[in-house]
Amino acid sequence: MKHIGVIGCGTMGLGIAQVAASNNHSVFIYDSFPSAIDKARINLNKTLQTLFDKEKISKEKWDQIIANITWCIDLNEFKNCEFVIEAIVENFSIKKTVFENLSQIVSDTCIIASNTSSLSITSLASCVKNPKRFIGVHFFNPAPVMPLVEIIPGIQTEENSLTLSKQLIASWKKEIVVAKDTPGFIVNRIARPYYGEAIRIYEENLASKEYIDQTMKKLGGFKMGPFELMDFIGHDVNYAVTESVWTAFYFEPKYKPSLSQKRLVEAAYLGRKSGIGFYNYEDVSHESKDIELDLEKSTMIFERIICMLIHEAADALYLEIASKEDIETAMCKGVNYPKGLLHWADEIGIEKCVSILNYYYNLYHEERYRCSAILQMMAKSKITFFNHNVSVCL
């Protein structure tokens with residue numbers, strides 16, 4: 001595939017265009033707003049200037065990337081594209097209109113992809129002519145830096161479209177995982193407890209946000225604590241994903257959003273980008289403050305959060321959302337977890353994980369702590385994820 005189309009000049013669309021252009025594709029990037037294109041041109045040159053200053057690229061490579069990109073305000077310029085990826089606002093009706101128009105322009109063999117992080121690929125595929133060539137290709141931000149790409153076939157997606165998409169993305173030196181078309185795919189589904197359970201502990205006044213963050217960094221080896229990470233992502237984005245997954249799963253209790261985070265969004269306290277979120281970034285003292293941790297209390301917090309994450313990863317495997325290898329890769333490469341959650345479960349012990357989950361289920365009598373069937377069966381059979389054939393207990 002030589003000609004690549006990218007719809008949307010925002011951070012994600014521009015990042016994907018940069019990746020494709022860096023790999024010597026002829027890239028057509030479209031936005032309906034000329035001002036967005038002007039801004040994207042400036043931002044791309046700033047990015048390339050930084051890479052050049054750091055000696056990551058040569059001046060010749062910089063010039064090549066710029067030369068490989070055609071800026072478009074008319075979607076008809078995509079007529080010769082062989083692969084088009086959409087990266088616009090997460091609004092189904094807007095995407096539907098774009099895909100309907102696009103499928104009238106490109107050839108019937110052009111693969112059409114969406115970078116959506118929360119919408120159904122199957123539903124979006126129904127918007128195009130020949131939905132067999134439609135697929136989900138979910139990059140992580142910033143696209144030129146983050147190695148992971150989730151590829152999500154819809155019900156209609158034919159095998160050849162999946163194969164060609166994997167070949168293209170692999171040629172861009174990305175780590176590929178394949179996910180079933182379910183809300184949140186792999187990463188945005190499995191990662192929910194890192195935020196939700198931390199907020200729950202905070203709301204119950206069991207520990208301060210600073211204490212929880214330092215616990216997860218010191219005991220778990222996470223690069224950022226959950227409150228730091230939510231502030232970094234932005235509460236408008238993080239809360240919207242949680243609410244979307246919760247709603248798409250018919251209000252499954254374990255994905256229930258938090259009122260604490262909703263109030264931050266309502267106050268426009270969005271985190272680092274607004275200067276205040278869970279933390280106030282005008283006062284950076286919290287970033288260097290070291291808290292002395294009580295081992296018993298910290299262990300309780302760490303085990304509660306990690307077991308909820310393990311539970312979610314195990315459930316994703318049980319429901320065949322992805323292979324165990326892809327689940328591990330996704331969490332390490334997509335959100336920089338220090339190790340795969342299923343390997344972590346084997347280290348902690350499946351029986352201990354089940355015991356911890358059952359403790360919280362009996363304490364709260366809430367469905368969010370209901371232990372996955374796969375973990376219960378594995379504990380009973382005394383088998384692990386990577387030293388045994390897990391399918392024997394299913």
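Along each chain, numbering runs from 1 in the same order as the chain's sequence is written. Only residues with pLDDT of 70 or above have their local features reported here, since the model is predicted, and side-chain atom pairs are shown and tallied only from 80 upward, although totals for entire chains, interfaces and linings are computed over all residues. Excluding hydrogens and water, the side-chain values take into account all heavy atoms of the structure.

## Points about the overall build of the protein chain
Phase 1 of the analysis: A count of helices and strands for the protein chain gives 18 helices and eight strands.
Phase 2 of the analysis: Using C-alpha atoms as the atom set, the radius of gyration is obtained and then compared with a globule rule of 2.2 Å times the number of residues to the power 0.38. Here the protein chain has a C-alpha radius of gyration of 22 Å; the compact-globule value for 394 residues is 21 Å, and the two agree.
Phase 3 of the analysis: Projected onto its principal axes, the C-alpha positions of the protein chain cover 60 × 55 × 40 Å.
Phase 4 of the analysis: Any two residues whose heavy atoms approach within 4.5 Å are treated as being in contact. A separation of at least 24 residues holds for 69% of the contacts in the protein chain among residues at least 6 apart in sequence.
Phase 5 of the analysis: Of the roughly 17700 Å² that the protein chain leaves accessible, carbon and sulfur atoms contribute 52%.
Phase 6 of the analysis: His residues and chain termini do not enter the charge count, which takes Lys and Arg as positive and Asp and Glu as negative. Where a charge lies is defined by one atom per residue type: Lys uses NZ, Arg uses CZ, Asp uses CG and Glu uses CD. Here the protein chain contributes 42 positive and 48 negative side-chain charges, whose respective centroids are spaced 2 Å apart. In this description a helix means any DSSP run of H or I spanning at least four residues, a strand means any run of E spanning at least two, and both kinds are numbered starting from the N terminus. Areas reported as accessible are Shrake-Rupley estimates using a 1.4 Å probe. Residue values count occlusion only from the protein chains shown.

## Some details on the pattern of salt bridges
Phase 1 of the analysis: Each reported salt bridge corresponds to a side-chain nitrogen of Lys or Arg within 4 Å of a carboxyl oxygen of Asp or Glu. As enumerated under the stated definition, the model contains 21 salt bridges in all.
Phase 2 of the analysis: Between R200 and E366 there is a salt bridge, with its nearest N and O atoms 2.6 Å apart. Within this pair, whereas R200 is found in helix 8 (residues 192-203), its partner E366 is found in the loop between helix 17 (350-364) and helix 18 (373-381), the two being separated by 166 residues in sequence.
Phase 3 of the analysis: The class of R200 is buried, set by a relative accessible area of 14%.
Phase 4 of the analysis: A residue is classified by how much of its surface remains accessible, and E366, at 28% relative accessible area, is partly exposed.
Phase 5 of the analysis: The closest approach of N and O atoms between K218 and D290, which form a salt bridge, is 2.6 Å. In this pair, K218 sits in helix 9 (residues 209-218) while D290 sits in the loop between helix 13 (285-288) and helix 14 (295-318), placing the two residues 72 residues apart along the sequence.
Phase 6 of the analysis: Relative accessible area serves as the criterion here: at 43%, K218 is assigned to the partly exposed category.
Phase 7 of the analysis: A residue is classified by how much of its surface remains accessible, and D290, at 60% relative accessible area, is exposed.
Phase 8 of the analysis: Each member of the salt-bridge network shares a partner with another, and the members are E197, R200, E204, R304, E366 and R368. Exposed residues in this analysis have more than 50% of their type's maximum accessible area, buried residues have under 20%, and partly exposed residues fall in between, with area computed by a 1.4 Å probe over protein chains only.

## What about the sheet that holds strand 1 (residues 3-7)?
Phase 1 of the analysis: A pair of strands counts as paired when DSSP detects no fewer than two bridges linking them. Read across the open sheet, the eight strands follow the order 3-2-1-4-5-6-7-8; overall the sheet is mixed. The sheet is open, and its two edges are formed by strand 3 (69-72) and strand 8 (175-178), each paired on a single side. This sheet shows a mean twist of 25° between the axes of neighbouring strands, independent of strand direction.
Phase 2 of the analysis: As defined by bridge partners, strand 5 (residues 111-114) adjoins strand 6 (residues 134-139) across three bridges and the pair is classed as parallel. When the sheet's bridge partners are listed, S114 is paired in strand 6 with G136. In this analysis an axis means a line fitted to C-alpha atoms, helices contributing only their contacting stretch, and an angle means the value between N-to-C directions, from 0 to 180 degrees.

## Comments concerning the packing of helix 9 against helix 10 (residues 226-233)
Phase 1 of the analysis: Put simply, helix 9 and helix 10 touch, their axes get as near as 7 Å, and they point 100° apart. With respect to helix 10, the element helix 9 is oriented roughly perpendicular. Of the residues in helix 10, those touching helix 9 at K209, I212, D213, M216 and K217 are P226, F227 and E228.
Phase 2 of the analysis: Considered class by class, the residues forming the contact of helix 9 with helix 10 number four nonpolar, no polar and four charged. Each angle gets one of four labels, with under 35 degrees taken as roughly parallel, over 145 as roughly antiparallel, 65 to 115 as roughly perpendicular, and the rest as oblique. Each residue is assigned to one of three groups, with Ala, Val, Leu, Ile, Met, Phe, Trp, Tyr, Cys and Pro labelled nonpolar, Asp, Glu, Lys and Arg labelled charged, and all others, Gly among them, labelled polar.

## Details of the nonpolar core
Phase 1 of the analysis: Among the buried residues, those of types Ala, Val, Leu, Ile, Met, Phe, Trp, Tyr and Cys that are joined through side-chain atoms within 4.5 Å form a nonpolar core. Grouped together as the largest cluster of nonpolar side chains are 86 residues, with contacts concentrated most on F78, L341 and F385.
Phase 2 of the analysis: The element contributing the most residues to this core is helix 14, with twelve residues.
Phase 3 of the analysis: Listed in part, the 36 residues of the second largest apolar core include C9, M12, A17 and L168.

## Considerations on unusual backbone geometry
Phase 1 of the analysis: Residue N141 is joined to P142 through a cis peptide bond whose omega torsion reads 0°.
Phase 2 of the analysis: Looking at the element boundaries, P142 is found in the loop between strand 6 and strand 7 (148-153).
Phase 3 of the analysis: Of note in the backbone geometry, E320 takes a positive phi value of approximately 60° without being a glycine.
Phase 4 of the analysis: Mapped onto the elements, E320 comes out in the loop between helix 14 and helix 15 (324-334).
Phase 5 of the analysis: The exposed category is assigned to E320, whose relative accessible area is 58%.

## Concerning the pairing of strand 6
Phase 1 of the analysis: Taking burial as the measure, the six residues of strand 6 include six buried ones, the bulk of the element.
Phase 2 of the analysis: The side-chain alternation of strand 6 yields two buried faces, one formed by F134, G136 and H138 and the other by I135, V137 and F139.
Phase 3 of the analysis: Sheet analysis places strand 6 next to strand 7, joined by five bridges and oriented antiparallel. Each residue of the ladder has a partner; that of F139, found in strand 7, is V149.

## Digging into helix 10
Phase 1 of the analysis: Among the eight residues in helix 10, six count as buried, and that is most of the element.
Phase 2 of the analysis: All of the buried residues along helix 10 are P226, F227, E228, L229, M230 and D231.
Phase 3 of the analysis: Buried residues along helix 10 sit in contact with helix 8, helix 9, helix 11 (235-248) and helix 12 (259-266).
Phase 4 of the analysis: Immediately downstream of helix 10, the backbone of G234 shows phi near 105°, a positive value.

## Considerations on the packing of aromatic side chains
Phase 1 of the analysis: In this analysis, rings of Phe, Tyr and Trp, with Trp reduced to its six-membered ring, are considered paired at centre separations within 6.5 Å, and the interplanar angle assigns stacked below 30 degrees, edge-to-face beyond 60, and tilted for intermediate values. Taken as a whole, this structure holds 19 aromatic pairs when the rule is applied.
Phase 2 of the analysis: Between Y30 and F78 the ring centres are 6.4 Å apart and the planes differ by 85°, which places this aromatic pair in the edge-to-face class. In this pair, Y30 is assigned in strand 2 (residues 26-30) and F78 in the loop between strand 3 and strand 4 (83-86), connecting sequence segments 48 residues apart.
Phase 3 of the analysis: F78 sits in the buried class, given a relative accessible area of 0%.
Phase 4 of the analysis: One aromatic cluster is present, built from ring pairs that chain together Y194, Y195, F222, F302, Y337 and W344.
Phase 5 of the analysis: Criterion for a charge above a ring: Lys NZ or Arg CZ within 6 Å of the ring centre, and within 35 degrees of the ring normal. When the ring centre of Y211 is taken as reference, the NZ or CZ atom of K297 above it lies at 4.4 Å.

These values are about where atoms sit, not about what they do.
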